[in-house]
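Chain and residue survey
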Amino acid sequence: SKKDLVPLVLVGTSAMMLTTHANTEYKTFADVVAAAKAKKNVSYGSIGNGSLAHLAMSLLGKSGGMEFNHVPFKGGGPLMNDAIAGHIPLSMATVFLNKPHIDSKRLRPLAVTSAKRVAEFPDVPTIAEAGFAGFEAPAWWALLASSKTPPDIIKRMNEELNKALANPDVSKRLVAQGIEISGGSVEKAKTFIDGQIDTWAKVVRDNGIKPD
């Protein structure tokens, strides 16, 4: 819970991406919206119940009067296997998971969940600019410690972690995984994480979502 852990640093964030199998009728994100509004049993896969992708699609459905049928998978590997085989028409996953299959033309990217477009896919619109102003659902990574950790140790660990994130070898590896590096103070991390927890806790309540 929030009380037991304290953030050391926000490592970074990444867009998630809604993709479709190359052979589906969904050519654009607008096609998906139209089908979901018409209640055409629009199914999408995610890495599991209560995952950020599941929450993001639930929020999108609620805010747009759309119905989506969620198909939870046990992780990214099984999700991508079914997505590229065409067993599931849509999937929501990180850019990193999707990228090889977009490059091989088996998946078509439709939209990203970040506030701004992803540098590697400049033609793919954000959900916000595709008609859902203010929509943002980044995947994120942070390092946490026990809240019993002395403040001076937390401060020192934050400084060391920021040095590590500034190291070109480390940053190159993270960027290669589609992560936009954040770094910064413990307060920055806390503000971001608290905001995320509050946003998604409300989505969980509003949609009666139960994690696996």
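Calculation rules
Residues numbered from 1 in each chain as written. Predicted model: local features only at pLDDT ≥ 70, side-chain atom pairs only at ≥ 80, totals over all residues. Heavy atoms only, no water. Helix = DSSP H or I, 4+ residues; strand = E, 2+ residues; numbered from the N terminus. Rg over C-alpha atoms; globule rule 2.2 N^0.38 Å. Buried < 20%, exposed > 50% of the residue type's maximum accessible area, 1.4 Å probe, protein only. Contact = heavy atoms within 4.5 Å. Expected span 1.5 Å × (residues − 1). Core = buried A, V, L, I, M, F, W, Y, C linked by side-chain atoms within 4.5 Å. Pairing = 2+ DSSP bridges. Salt bridge = Lys/Arg side-chain N within 4 Å of Asp/Glu carboxyl O. Phe/Tyr/Trp six-rings, centres within 6.5 Å; stacked < 30°, edge-to-face > 60°.

**Concerning the overall build of the protein**
- Within the protein, the regular secondary structure consists of seven helices and eight strands.
- Its C-alpha radius of gyration of 18 Å places the protein within 12% of the 17 Å reference for a compact globule of 212 residues.
- Along the first, second and third principal axes, the C-alpha atoms of the protein reach 55 × 40 × 30 Å.
- Taken across its 212 residues, the protein has 44% of its residues classed as buried.
- Of all intrachain contacts in the protein linking residues separated by at least 6 positions in sequence, the fraction that spans at least 24 positions is 75%.

**Points about helix α2 (residues 52-64)**
- For α2, which comprises 13 residues, the first-to-last C-alpha distance of 18 Å matches the rise-based estimate of 18 Å (1.5 Å per residue) to within 8%.
- With 10 of 13 residues buried, α2 lies mostly within the body of the structure.
- Taken together, the buried positions of α2 are L52, A53, H54, L55, A56, M57, S58, L60, G61 and G64.
- Two residues or fewer after α2 comes G65, characterised by a positive phi angle close to 60°.

**A word on the nonpolar core**
- By size, the foremost hydrophobic cluster in this structure holds 30 residues, and its most contacted members are F29, L60 and F68.
- Of all the secondary structure elements, the ones that give two or more residues to this core are β2 (16-21), α1 (29-37), β3 (42-46), α2, β5 (90-94), β6 (107-112) and α7 (186-207).
- By residue number, the principal contributor to this core is α2, which donates six residues.
- Excluding residues within four positions of it along the chain, F68 makes contact with V32, A36, V42, Y44, M57, L60 and G61.

**Brief notes about the sheet that holds strand β1 (residues 5-14)**
- With antiparallel pairing, three strands are arranged side by side in an open sheet as β7-β1-β8. Here the strands that pair on one side only, and so sit at the sheet edges, are β7 (139-146) and β8 (180-181).
- In this sheet, β8 lies alongside β1 in antiparallel orientation, the contact comprising two bridges. Bridging from a neighbouring strand, T13 pairs with E180 of β8.

**A few points about the pattern of salt bridges**
- Enumeration according to the criterion identifies nine salt bridges in this entry.
- Here K39 makes a salt bridge to E67, at a shortest N to O gap of 3.9 Å. Separated by 28 residues along the polypeptide, K39 in the loop between α1 and β3 and E67 in the loop between α2 and β4 (68-72) bring together distant segments of the chain.
- One salt bridge connects K190 with D194, and the closest N-O pair in it is separated by 2.8 Å. In this pair, K190 and D194 are both assigned in helix α7, four residues apart and thus about one turn of the helix distant.
- Salt bridges linked by common partners bring K99, D103 and E120 together as one network.

**Some words on the packing of aromatic side chains**
- Enumeration over the complete set of coordinates arrives at three aromatic pairs.
- Taking the centre distance of 6.2 Å and the plane angle of 90° together, the rings of Y44 and F68 count as edge-to-face. Taken together, the positions of Y44 in strand β3 and F68 in strand β4 put the pair 24 residues apart, joining distant regions of the chain. Accessibility classification places Y44 together with F68 in one group, the buried group.
- A centroid spacing of 5.8 Å and a plane angle of 85° characterise the contact between W140 and F192, whose relative ring orientation is edge-to-face. Taken together, the positions of W140 in strand β7 and F192 in helix α7 put the pair 52 residues apart, joining distant regions of the chain.

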